[in-house]
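Coordinates in review
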Amino acid sequence: MKLLIVNNLASGFRDGAIYDFMRAFASDGDEICVRCTDGNTDLADFLRDAENFDAVVAAGGDGTVNYAVNAMKRKGLDIPIGVIPAGTANDFAGAVGMSREP
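Below is a short write-up of the structure. Since we're looking at a predicted model, the values are computed, not measured. (Residues numbered from 1 in each chain as written. Predicted model: local features only at pLDDT ≥ 70, side-chain atom pairs only at ≥ 80, totals over all residues. Heavy atoms only, no water.)

Description of the side chain of arginine 35
Considering the arrangement of structural elements, one finds arginine 35 in strand 2 (residues 31-37). Side chain to side chain, arginine 35 and aspartate 49 meet in a polar contact 2.8 Å long. Sequence-distant contacts of arginine 35, that is, excluding residues within four places in its chain, are made with Leu4, Ile5, Val6, Asn7, Phe46, Leu47, Arg48, Asp49 and Phe53. (Helix = DSSP H or I, 4+ residues; strand = E, 2+ residues; numbered from the N terminus. Polar contact = N/O pair within 3.5 Å; in protein donor to acceptor, adjacent residues only side chain to side chain. Contact = heavy atoms within 4.5 Å.)

Here we look at unusual backbone geometry
Phi is positive for asparagine 90, close to 55°, though the residue is something other than glycine. The exposure class of asparagine 90 is buried, given its relative accessible area of 4%. (Buried < 20%, exposed > 50% of the residue type's maximum accessible area, 1.4 Å probe, protein only.)

With respect to the sheet that holds strand 1 (residues 2-8)
Overall, parallel pairing links the four strands, which are arranged 2-1-3-4 in an open sheet. With partners counted over all chains shown, the strands left at the sheet margins are strand 2 and strand 4 (81-85), one partner each. Averaged over neighbouring strand pairs, the angle between their axes works out to 20° when direction is ignored. Here helix 1 (residues 17-25) sits on the sheet and contacts strand 1, strand 2, strand 3 (55-60) and strand 4; the angle it forms with strand 1, its principal contact strand, is near 165°. (Pairing = 2+ DSSP bridges. Axes fitted to C-alpha atoms, helices over the stretch in contact; angles between N-to-C directions.)

Some thoughts on the nonpolar core
Counting residues in each nonpolar core, the largest one holds 15 residues, and the members touching the most others are Leu4, Val6, Leu47, Ala50, Val56 and Met72. Going through the elements one at a time, strand 1, helix 2 (43-46), strand 3 and helix 3 (62-74) are the ones with two or more residues in this core. The element contributing the most residues to this core is helix 3, with four residues. Beyond its immediate chain neighbours, meaning those up to four positions away, leucine 47 contacts Leu4, Val6, Arg35, Val56, Ala68, Ala71, Met72 and Lys75. (Core = buried A, V, L, I, M, F, W, Y, C linked by side-chain atoms within 4.5 Å.)

Focus on the state of the cysteines
Overall, the coordinates contain zero disulfides when judged by the stated rule. Looking at the unpaired cysteine 33, the closest cysteine sulfur is the one in cysteine 36, lying at 9.4 Å. (Disulfide = S-S within 2.5 Å.)

A look at the pattern of salt bridges
Counting across every chain of the model gives four salt bridges. Among the ionic pairs, aspartate 20 bridges to arginine 23, the shortest N-O distance being 2.5 Å. Here the residue aspartate 20 and the residue arginine 23 both occupy positions in helix 1, the gap between them amounting to three residues, near one helical turn. Residue arginine 23 is classed as exposed on the basis of its relative accessible area, which comes to 60%. (Salt bridge = Lys/Arg side-chain N within 4 Å of Asp/Glu carboxyl O.)

Focus on the environment of aspartate 28
Tracing the chain through its elements places aspartate 28 in the loop between helix 1 and strand 2. The spatial distance from the C-alpha of aspartate 28 to the C-alpha of isoleucine 79 is 22 Å, given a sequence separation of 51 residues.

A look at the pairing of strand 1
Counting buried residues in strand 1 gives six out of seven residues, a clear majority hidden from the surface. With seven bridges connecting them, strand 1 and strand 2 associate as parallel partners. The residue bridging lysine 2 from the neighbouring strand is glutamate 31, located in strand 2. When strand 1 meets strand 3, the two strands line up parallel, connected through five bridges. Paired with isoleucine 5 across the two strands is valine 57, which belongs to strand 3.

Put into structure tokens, the structure is as follows:
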């Protein structure tokens, strides 16, 4: 699997949960591309080649998740998107029945 992770380093408590996810998710031969932001870069830049991946994961708070989902929608991408709720409130995760904790 080829996975793109957009990781907002400025979100939430900055506990590194994304690395726990990668250890649990990855299998032999998988390619994981992690693009990190401190919140100052337009996430569209990080998703510029998302169509070349099997899936995208947005790791951050509600703003990061919202932006990533909508950027992919604007690009017309039909690939799976995962969410690592790594923000402070993580309302999106709660609203869809996910744990609010990473």
